[in-house]
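A structural walkthrough
Chain by chain, the residues run as shown.
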Amino acid sequence: MHPTTTLASPGQRQLTRFVWLAACLWCLAIVGSFFWYWSNEREQVATMAEMQVRVAFEKDALLRRWAAKHGGVYVPVTPETQPSPFLANVPQRDITTANGTTLTLRNSSTIVREVGEMAGEKGLAFTHATSLNPINPANLPDLWETAVLKRFEQGEKEVIGISNVNGTPHMRLMRPRITEQGCLKCHANQGYKVGDIRGGMSASVPMAPFLTAERQEVAQRCLRYAFLGLLGLAGIWAGARSLFRNDRERAKTEQELRASEANFRALYTNSRDAIMVLTPAKGFTAGNPAAIRLLACRDEHDFTTRTPATLSPEFQPDGVPSSEKAQRMMALALENGSHFFEWMHKRADGTEFLATVLLTRLEIGGKVMLQATTRDITEQKRVMEALRESENRFRTIFDNARDGILVADVATRKFVFGNPAIHQMLGYTPEELKGLGVTEIHPQNDLPRVIEAFDKQARHELAVARALPVRRKDGSVLYADISSTPLTLTGKAYLVGVFRDITDRKRAEEQLAQAKDAAERANRAKSAFLANMSHELRTPLNAIIGFSSILRKNKPGNLRQNDLMYLERVEDNGKHLLELINSVLDLSKIEAGKAELEAAPVDLATLVRETLAQLEGAVRNRDVRLLADVPEHVAPLVTDGPKLKQVIINLVANALKFTEHGSVTVRVVTDDAGQPRRLDVVDTGIGIPQEKLEVIFDAFQQAENSTARQYGGTGLGLTISRSLCKLLGYRLDVASSVGHGSTFSIRFNARAVSVVRHVVTLPAPAPVSPPPAAPQSSPRPSDLRDKLVLVIDDDVDSRLVLSRHLEDLGCRVAAASTGRDGLNLARSQHTDIITLDYRMPRMNGWAVLRELKHDPQVRNIPVIIVSAVADQERDTLPGAVDFLTKPVTRDGLLQVLSRTLRCSKGCVLVVDDDEDARRLLLAHLSEEGFDTRTAVNGREALQVLESAWVDLIILDLLMPVMDGETFLETIRRDPRFAQVPVVIVTNKDLLHVDERRLKAITSGVLRKTDALDKELGRTVREILHAESGPSGT
Amino acid sequence: MTSSTPVAEEARIRVRVRADLAELVPAFLDHRRREVASLPAALQASEYGRIRGWAHNMAGTGGAFGFQPITEIGRAMEAATKAADGVTIRSCTDRLADYLRRIEVLYG
């Protein structure tokens, strides 16, 4: 179905039908009219032919009658007018005139026939006398004439009709021929009497001219009718189109009207404003739902029963009666077309509200009405009041703010207005300030910064411009933090800046910065002082402890018991002093905030177990048991494990010190989820008086002065412990009862250690009373027998103590008081080990070490740093195999020497990305006694080379990040590492040429499979042995 | 299944490894087992570079630990990666898996 059909309205469909009907009727009328005309035309043609044939008939009939009346007509005999044989019996058929001309008779029939023949030949109307019994056979009738003659015999007097003559249609008229007297001259012999019907006479008029004319006329008429028909159809089409258009427009208009009506209806119905229609006489006649709701009416009917007066209080707020004022308002609206006013309404439920009303005059169907649009403005009034109040409040704040507030136009950077504080701050009057721009209240030099800040603030990119210099009217400069807020008012961009005068603060900050600089300088001086003091104090202590230790052995046997006792006291006091120094340094470091934390999950059970194992020696041969009370499941604690361990050691050592009998228990307390909450160190010792419970955490304090004397200790252990706990975010407190022991509790806070920083390791924990450590290995002095140890130390006492200990261990000793002498000795003697002091005048330990390691002759001699500050230098002295802190004890020295000897064959760097290969190589090298370092690729290996001394590099070729060949090229270009021997250990299928090239720049190329088995050790030994030269082991 | 036990016993491969490598061998074998587990997926993803790395390391370290077949499998696998020969790699993977399953390490 065509869409238009479906879319046509009923009206349009009806109209379409009407148009089709009109077109059909018009066509019928035209066709009918045409055929009617055609029919008339034919009749007219027939009538005209009939008239013509009658005229011809009558004319020839007259001619004949005349000829018959006169007995015929004589005509000269010519070839054409020969005497008629049919008149041979007529007397005087031929006559001769006086002049001798022969004439022959022509009777009427012959005359008519011959004239007719002539007319027929010319296509004109002609007559024909005929008879069924003619004298002349030429007058025999044709078929039509024969039929008509027979009809005459039956009595007809005239026959007229159309019949063909010689094949063409003719209008023919035929009447009977009655024998008259004149006729008997020729026909008497045929037996005719006057009055007999002797035959008939016909007249024929050719129809061709009539039919031709008719056809032409009909054709023309046909065209006219066709034109008229088309014209009519066009008219109908135009009319229909116009009708359709009108209909569509009407439909569209109707639709728009309906839509508009629906819109207005919706507006009316859904309007939040109350819309009411009323007349002054009848009151309300209609109201929308909002009106009904607003006035609390039940429905529209209820509403329309009311009047403005009944829906208002008796009096309006201005005191005028509502009824009177309502009339006045309506009169004004009617007079002026509309009127807007405020009105106090009263709802049906009696409540009142203030509203704005717009009364508009309406004329509907000739009736004058009023439309009231009412809006409840109670909330609006409240908001306005609040706004007014708010504005007053802000105006008060604005005017009384201590900070200066200045509003600037963003486009012009000119000030628009400011509060009194800014006027006072800058010294300008409001009028003066209004004319100024941003560039005029800041010093010239700072303008680029100021303008940048202004523009950034205008773009919301900067909230506060800090410490901007601002120039007062009198030229003085103040500093202000300017916090700005961009805002748009009536389409214009403004920047509201709040100026806070920070001049005083800035000056204070400057003073503070100066003070801070001074403090930092002082702190640096203090640190340097402490470091120096530490060195200076430990150095003589080294001698005191060392010599007293040596003397106490009483090798010559000449010391008395008292002397030995005195020496013991000297050594003990020396050790005590050393502890004290260490503790003071620790505490100083913690309090200076230099102790940094490294947080990691710590298994408390393991930590406690390890700590107690470490302190096991302290209860040996004593009536004290060391116990652990740890739940089966303890969740890991994120903390700095070493520092927590130091606290536990301090607390346990402290407990052991004051516990003669019973036990010291380390107890871990967890919550239900296994999270550690507390760690208690519980002892059964002497206990602490209540009033001393807090004092014991102060530096150099013990519960009783006598305690220190009786039990020893520095009095710093608990102070350090509490400081460490504080650093870790924990609380350390104590509960005790004299005679019943004490409980020290570390209360954990799970989130305490959250910051992981770079780690600076504190010196090894120094318990208050250092318990004898469990032997970790069994160094044998016999291993050291006849080893030549070179002692390089500028301090004579240190040299002597160290030399004596070394000799005691069976070593041979060479000593040097300067670095230079030490280097010379190292080169000249077959030195096995060097002990090197770090802090020496002129050439310090680092310089000596560097020179040693760059000299192939001595580079493989293991170097032990022996210093009062050895631990602090651990990270800065790559190339040293070990570190020993002064004062040096015999046992400590033995352990370090033994360790060194085991690892003294050289340091080998293994560079391989395959973990299994690395581990295997390390296993082989360790077995051979080589010290090892590892790296997983070339880049990591370069980092190792930068930080540690390496004697040989075992290098894999195929590695990610940086492969072996790139690494090799890199180190060969670097003069520092160019000479380090490299052994390539690879599984790569090398071309012959590649292998030759690599062998040229390395100390060997081994297949990994072989190298990992047996060849590696031999190769490394050979290389390092050759490298070490005559001083090698 | 009791019937399979004798077969398993017969099929077991006993390898004697130096005692000083006892600490390293379990990790070494564990690494290989992990590689065997990852190999099918790597092969599926045509990660020949990754497979080549594993094969190269196997070839380099297997024999050194005393597991010469691992070295041989590694070599074959490494060669196969160069030709992107997945069939050989799969076959090597199967051989390695079988070897690892049957191996019994004796130290000393």
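Above this text you will find the structure in question.
On a predicted model such as this, the values are computed, not experimentally measured, just so you know. (Residues numbered from 1 in each chain as written. Chains lettered and ligands numbered in written order. Predicted model: local features only at pLDDT ≥ 70, side-chain atom pairs only at ≥ 80, totals over all residues. Heavy atoms only, no water.)

1. A few points about the overall build of chain A
Counting its regular elements, chain A contains 28 helices and 34 strands. Here chain A holds 1033 residues, and 44% of them are scored as buried. Looking at chain A alone, contacts between residues at least 24 apart form 60% of all its contacts between residues at least 6 apart. Split by element, the accessible area of chain A, about 54,800 Å² in all, is 55% carbon and sulfur. (Helix = DSSP H or I, 4+ residues; strand = E, 2+ residues; numbered from the N terminus. Buried < 20%, exposed > 50% of the residue type's maximum accessible area, 1.4 Å probe, protein only. Contact = heavy atoms within 4.5 Å. Areas by Shrake-Rupley, 256 points an atom, 1.4 Å probe, with all protein chains shown as cover.)

2. Topic: the interface of chain B and chain A
Interface size is often expressed as the accessible area that is lost when the parts come together. The partner chain A presents 18 residues to the 22 residues of chain B that form the contact. The contact between chain B and chain A buries some 1,600 Å² in all, and 50% of this surface belongs to carbon and sulfur atoms. When the buried surface of chain B facing chain A is broken down by residue, Leu24(B), His56(B) and Ala64(B) rank first, second and third, together holding 30% of it. There are 1 salt bridge connecting chain B and chain A. The salt bridge partner of Arg32(B) is Asp916(A), with a shortest N-O separation of 3.1 Å. The interface formed by chain B and chain A holds 2 residue pairs in polar contact (both at pLDDT 80 or more) in total. Of all the elements in the fold, those that place two or more residues in the side of chain B that touches chain A are helix H2 (25-44), helix H3 (48-65) and helix H4 (68-82) of chain B. No other element matches the 8 residues that H3(B) contributes to the side of chain B that touches chain A. Of the residues assigned to the side of chain B that touches chain A, the class counts are 7 nonpolar, 8 polar and 7 charged. (Buried area = accessible area lost by both parts, 1.4 Å probe. Salt bridge = Lys/Arg side-chain N within 4 Å of Asp/Glu carboxyl O. Polar contact = N/O pair within 3.5 Å; in protein donor to acceptor, adjacent residues only side chain to side chain. Nonpolar A, V, L, I, M, F, W, Y, C, P; charged D, E, K, R; others polar.)

3. Brief notes about the nonpolar core
Residues and elements named next belong to chain A. Residues Leu604, Leu644, Val652, Leu679, Phe744 and Ile746 are the most contacted members of the largest nonpolar core, which totals 44 residues. Sort the elements by how many residues they give to this core and helix H17 (residues 641-657) lands first, with 8 residues. With residues near it in sequence (within four places) discarded, isoleucine 746 still touches Leu644, Val647, Ile648, Leu651, Arg677, Arg678, Leu679, Cys725, Tyr730, Arg731 and Leu732. (Core = buried A, V, L, I, M, F, W, Y, C linked by side-chain atoms within 4.5 Å.)

4. Points about the environment of Ser798(A)
Residues and elements named next belong to chain A. Take serine 798: it is sitting in helix H20 (residues 796-808). For the pair serine 798 and alanine 543, spaced 255 residues apart in the sequence, the C-alpha separation amounts to 6.0 Å. With sequence-adjacent residues up to four places away left out, serine 798 is seen in contact with Thr539, Asn542, Asp793 and Lys886.

5. Overview of the sheet that holds strand E26 (residues 812-816) of chain A
Residues and elements named next belong to chain A. Strand order across the open sheet formed by 5 strands is E26-E25-E27-E28-E29, with parallel pairing between neighbours. The two strands at the open ends of the sheet, each matched to only one other strand, are E26 and strand E29 (882-885). Each adjacent strand pair in this sheet contributes to an overall mean axis angle of 20°, direction not counted. Sheet topology places strand E28 (residues 863-867) next to E29; 4 bridges connect them, and they run parallel. By the bridge assignment, isoleucine 865 is partnered in E29 with phenylalanine 883. The strands touched by H20 are strand E25 (788-792), E26, strand E27 (833-836) and E28; relative to E26, the strand with the most contacts, the crossing angle is about 165°. Along the sheet, helix H22 (residues 845-853) contacts E25, E27 and E28; its crossing angle with E27, the most-contacted strand, is approximately 155°. (Pairing = 2+ DSSP bridges. Axes fitted to C-alpha atoms, helices over the stretch in contact; angles between N-to-C directions.)

6. As for the sheet that holds strand E22 (residues 676-683) of chain A
In a beta sheet, neighbouring strands are held together by backbone hydrogen bonds and run either parallel or antiparallel to one another. All names here are of chain A. One open sheet holds the 5 strands; their spatial order is E19-E21-E22-E24-E23, and the pairing between them is mixed. Edge positions in the open sheet fall to strand E19 (624-629) and strand E23 (731-737), since each of these has one partner strand only. Pairs of neighbouring strands in the sheet enclose a mean axial angle of 15°, with direction left out of account. Against the sheet, helix H19 (residues 717-728) contacts E23 and strand E24 (741-747), and its axis sits at roughly 135° relative to E23.

7. Observations concerning the pairing of strand E11 (residues 352-364) of chain A
Residues and elements named next belong to chain A. Examined bridge by bridge, strand E10 (residues 338-346) and E11 share 9 bridges and lie antiparallel to one another. Opposite histidine 339, over in E11, you have leucine 359 as the bridge partner. Linking E10 back to E11 in an antiparallel pair, the connection comprises 5 residues, with glycine 350 at a positive phi of about 100°. Pairing analysis gives 10 bridges linking E11 to strand E12 (residues 367-376), with the strands arranged antiparallel. Each bridged residue has a counterpart across the sheet, and for threonine 360 the counterpart in E12 is glutamine 371. The turn linking E11 back onto E12 is made up of 2 residues, and glycine 365 within it adopts a positive phi angle of 60°.

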